[in-house]
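# Topology and contacts: notes
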Amino acid sequence: MPVYCTQCGTGLPGSARFCSNCGAVISAGQPIPGRAPGSPLVRPHAGRQIAGVCLALAQANGWDVAVIRILAVLGFFFSGGFVGVAYVAGWIGIPEELIDMPGAYPPGI
Ligand SMILES: [Zn+2]
């Protein structure tokens, strides 16, 4: 994936760390605040309402969780139970997000 110098606009290979034209430092990927679309499908502990299925789907696909919840509630009443079954299936099938246990080593695993 080509990158472009932010100082002079020169096209550079994706592995470039410095601009070959002006010598500016090329930052390799800006950190994205929050969760990026495409994060693993897990049910987070923080922010869940019932089982975190809507939140898991929203975060994994980059959707707005409020829209997913509204569609889920509407679907629960108007789909003849299909959405309810799908929600329970997601509750069972989508793994819970791993939490950091105090004292666990190494941290983050
Ligand atoms: Zn440059």
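Scoring rules and cut-offs
- Residues numbered from 1 in each chain as written.
- Predicted model: local features only at pLDDT ≥ 70, side-chain atom pairs only at ≥ 80, totals over all residues.
- Helix = DSSP H or I, 4+ residues; strand = E, 2+ residues; numbered from the N terminus.
- Buried ≥ 20, exposed ≤ 12 C-beta atoms within 10 Å, placed from the backbone.
- Contact = placed C-beta atoms within 7 Å.
- Core = buried A, V, L, I, M, F, W, Y, C linked by C-beta atoms within 7 Å.

### Some words on the overall build of the protein chain
When its secondary structure is counted, the protein chain shows three helices and two strands. Helices and strands in the protein chain line up, N terminus first, as β-β-α-α-α. Buried positions account for 8% of the 109 residues belonging to the protein chain. Sequence separation of 24 or more characterises 22% of the internal contacts of the protein chain that already satisfy a separation of 6 or more.

### Examining the nonpolar core
Counting six residues, the largest nonpolar core is built from Val53, Cys54, Leu55, Ala56, Ala58 and Ala72. Of the residues forming this core, the biggest block, five residues, is contributed by helix α1 (residues 53-61). Leave out the neighbours within four places in its chain, and Val53 touches Arg43, Tyr87, Gly90, Trp91 and Ile94.

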